Amino acid sequence: MEPYQSLLDQAKRYALAYMHQVRDMPPYPSEKSLDGLETLEEDLPRSGTEPSAVLELLRAAGENGTTAQTGGRYFGFVNGGLLPVAQAAEWLADTWNQNGALAVMSPVTAKIESVCERWIADLFGLERGTAMGLVTGSSNAIICALAAARNELLNRQGWNISERGFRGAPRIRVVISAEAHSSVKAGLSILGFGTEEIETVPTDELGRIEIGSVPKLDRRTLLILQAGNVNGGSFDPICALCELAETAGAWVHIDGAFGLWAAASKKHRMLTKGIEKADSWSADAHKTLNAGYDCGIVLCRHREALVAALQAAGSYIQYGEQRDGMLYTTEMSRRARGIPLWAALKTLGADGVEKLVDTLCENAEYFAKKLRESGYILVNPVIFNQFMVAGRTDTETENILRAVQSSGVCWCSGSRWKGKSVIRISVCSHATTREDIDRSAELFKKIRDELHP
Ligand SMILES: *Cc1c(COP(=O)(O)O)cnc(C)c1O
């Protein structure tokens, strides 16, 4: 058993000690804590180090350089918390060290992924048989889905891109929202779509596509919608736009990194109404589901199109008896991301996922109410699990944000919205309690009273 016994015991000891203190840790490390990271700065040593000493160094130098992501008062970006069972299942999966590329490399990974494929389609209300790939995150999921869209739209015009390439191909139109996430633009660029050829649709005051401004769609069009705006949490009018696209024969992709999970909740499902009419979707299990990094999900109605795009396989796709996970991703060797995903879903059940989504949203609502009561401007009504607040001027907002970020009490990120500075608050962890929000809201009040009475 040695050296596993002592090393895993040591790692478990450190992990539990971290978990015990994480709720009281500053959500973002202080300058002084960050100094500890400098001990990691060295040239590659010629001789090795005892593994237990390596773990000890990692703990001593590294722990203080972590953001307290699992602590309950981290509201930055859209960084999800971590369900205990997802973490524990991940440990087990790490111990197994499975390669998820092919079923023959890991029968258990293949089985679990095929179960998750069905569960996720059911949870989101998509057709059974929808193809799923597990990738690092939504950025990669978007690339996979858009590659399928590009190739299939060209295919329908008699152009096989894996044989003839993209140069000289018939034109594909790309229609996106002015509020599209940066990862959508990056994905389009990687796939050969320049910013000048993209048609950008203006958005309303909440950041939703204005239906009246959508250009005429046709069967050469790729329309990209958003379920969950990264700043204010708003959703495009998905149902109406999917109907327009369906009539026109356009391909619709829905970027639902955190917002697609609304489909799992009766209370919030109206936000994603009509998603089942789209062609492809992307979501993150490491955001709303709290399944831990990295767990991006690509979904596609057209299995062949997804696989053909990612494997350059044209119409020669050979499916095995079991699921080969690599077919649905840009990767070959791949960790068994399905295992923590499966563990999270199995532990929660559909009801538990619904409750998780509802709790995050109720907490966001509660947080926003507290901030409004203490004089903050609520930039938009709370729609899902994230919202924006501001002070009376940009300077005020920026001063408050800096003070919050260095407070050691809670942490939020800033952004720009409609030309103004805002503070974004993302409630994305199951670990966040009402007390966490009370404490954070009190801090906001105190900072405002002190800095800008
Ligand atoms: C987070 C996010 C992404 C990017 O996802 P990653 O998992 O970080 O790659 C894309 N779109 C939206 C709306 C997001 O919130």
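Residues numbered from 1 in each chain as written. Predicted model: local features only at pLDDT ≥ 70, side-chain atom pairs only at ≥ 80, totals over all residues. Heavy atoms only, no water.

(A) The pattern of salt bridges, seen in detail. Using the criterion set out here, one finds 28 salt bridges in the structure. Across the pair Glu117 and Arg323 runs a salt bridge whose closest N-O atoms are separated by 2.7 Å. In this pair, Glu117 is assigned in helix H5 (residues 107-124) and Arg323 in the loop between helix H10 (303-311) and helix H11 (338-373), connecting sequence segments 206 residues apart. Across this residue pair, the class does not change: Glu117 and Arg323 are buried. The partner of Asp218 in a salt bridge is Arg173, and the shortest N-O contact between them spans 3.2 Å. (Salt bridge = Lys/Arg side-chain N within 4 Å of Asp/Glu carboxyl O. Helix = DSSP H or I, 4+ residues; strand = E, 2+ residues; numbered from the N terminus. Buried < 20%, exposed > 50% of the residue type's maximum accessible area, 1.4 Å probe, protein only.)

(B) The sheet that holds strand E1 (residues 131-135), seen in detail. Pairing is mixed across the open sheet formed by 7 strands, whose spatial order is E1-E7-E6-E5-E4-E2-E3. The sheet terminates laterally at E1 and strand E3 (198-201), the two strands that pair on one side only. Taking the axes of each pair of neighbouring strands and ignoring which way they run, one obtains an average angle of 20° across the sheet. In the sheet, strand E2 (residues 173-177) pairs with E3 via 4 bridges, with the strands oriented parallel. From the neighbouring strand, Ser177 faces E3, where its bridge partner is Val201. Contacts between helix H8 (residues 182-190) and the sheet are confined to E2, E3, strand E4 (221-226) and strand E5 (251-255), with E2 contributing the most and set at about 165° to the helix. (Pairing = 2+ DSSP bridges. Axes fitted to C-alpha atoms, helices over the stretch in contact; angles between N-to-C directions. Contact = heavy atoms within 4.5 Å.)

(C) The sheet that holds strand E10 (residues 413-417), seen in detail. The strand order E8-E9-E11-E10 describes an open sheet built from 4 strands, whose pairing is antiparallel. Pairing within the sheet leaves two strands with one partner each, and these edge strands are strand E8 (377-378) and E10. Note: strand E9 (residues 386-390) against strand E11 (residues 420-426), 4 bridges, orientation antiparallel. From the neighbouring strand, Met388 faces E11, where its bridge partner is Arg424. Of the strands in this sheet, E8, E9 and E11 are in contact with H11, which crosses E9 at around 10°.

(D) Representation of the site of the ligand. Inspection of the region around the ligand gives 13 residues, with Ser138, Ser139, Asp255, Asp284 and Lys287 positioned closest. Between the ligand and Asp255 there is a distance of 2.9 Å, counted from a nitrogen atom to a side-chain nitrogen or oxygen. The contact in question runs from an oxygen atom of the ligand to an N or O atom on the side chain of Asp284, over 2.7 Å. For the ligand, the protein covers 84% of the area, taking 380 Å² as the surface of the free molecule. By residue class, the composition of the shell around the ligand is 3 nonpolar, 7 polar and 3 charged. (Near = heavy atom within 4 Å. Polar contact = N/O pair within 3.5 Å; in protein donor to acceptor, adjacent residues only side chain to side chain. Areas by Shrake-Rupley, 256 points an atom, 1.4 Å probe, with all protein chains shown as cover. Nonpolar A, V, L, I, M, F, W, Y, C, P; charged D, E, K, R; others polar.)

(E) Representation of the state of the cysteines in the model. Here the structure, examined in full by the defined rule, presents 0 disulfides. Summary of cysteine pairing: Cys361 is not part of a disulfide, and the nearest cysteine sulfur, belonging to Cys428, is at 9.7 Å. Classification of Cys361 as buried rests on a relative accessible area of 6%. Of all cysteine sulfurs, the one in Cys410 lies closest to Cys412, which takes part in no disulfide; the gap is 4.5 Å. (Disulfide = S-S within 2.5 Å.)

(F) A look at the domain arrangement of the chain. Each domain of the chain was delimited in the assignment, giving domain 1 (2-68) and domain 2 (89-345). One C-alpha centre belongs to domain 1, the other to domain 2, and the line joining them spans 36 Å. (Domains from an automatic or database assignment.)

(G) Representation of the packing of aromatic side chains within the structure. Evaluated as defined, the whole model comprises 11 aromatic pairs. Where Phe124 meets Trp261, the ring centres are 5.0 Å apart and the plane angle is 75°; that geometry is what we call edge-to-face. Of the two residues, Phe124 sits in helix H5 while Trp261 sits in the loop between E5 and strand E6 (280-284), which places them 137 residues apart along the sequence. For the pair formed by Phe124 and Trp261, the shared burial category is buried. Put simply, the rings of Phe75, Phe367, Tyr376, Phe387 and Phe444 touch in pairs and so form one group of aromatic residues. Between the NZ or CZ atom of Lys418 and the centre of the ring of Trp417, over which it lies, the distance is 5.3 Å. Here the guanidinium or amino end of Arg448 rests over the ring plane of Tyr376, the centre of that ring lying 5.9 Å away. (Phe/Tyr/Trp six-rings, centres within 6.5 Å; stacked < 30°, edge-to-face > 60°. Lys NZ or Arg CZ within 6 Å of the ring centre and 35° of its normal.)

(H) Spatial organisation of H11. Over its 36 residues, H11 runs only 43 Å from end to end, short of the ideal 52 Å by more than 12%, given 1.5 Å per residue. At Gly349, H11 shows its largest kink, close to 95°. Backbone geometry just after H11 places Gly375 at a positive phi near 100°. (Expected span 1.5 Å × (residues − 1). Bend = angle between axes of the 7 residues up to and from the residue.)

(I) Fine view of the nonpolar core. In terms of nonpolar packing, the biggest core is built from 62 residues, with Phe124, Ile254, Trp261, Leu289 and Leu341 touching the most fellow members. The element contributing the most residues to this core is H11, with 10 residues. In this view, Leu289 contacts Leu83, Trp261, Leu341, Ala344, Leu345, Leu348, Val353 and Leu356; residues no more than four positions away in its chain are not counted. The next biggest cluster of nonpolar side chains, apart from the first, holds 39 residues, and it includes Val135, Leu191, Leu306 and Ala313. (Core = buried A, V, L, I, M, F, W, Y, C linked by side-chain atoms within 4.5 Å.)

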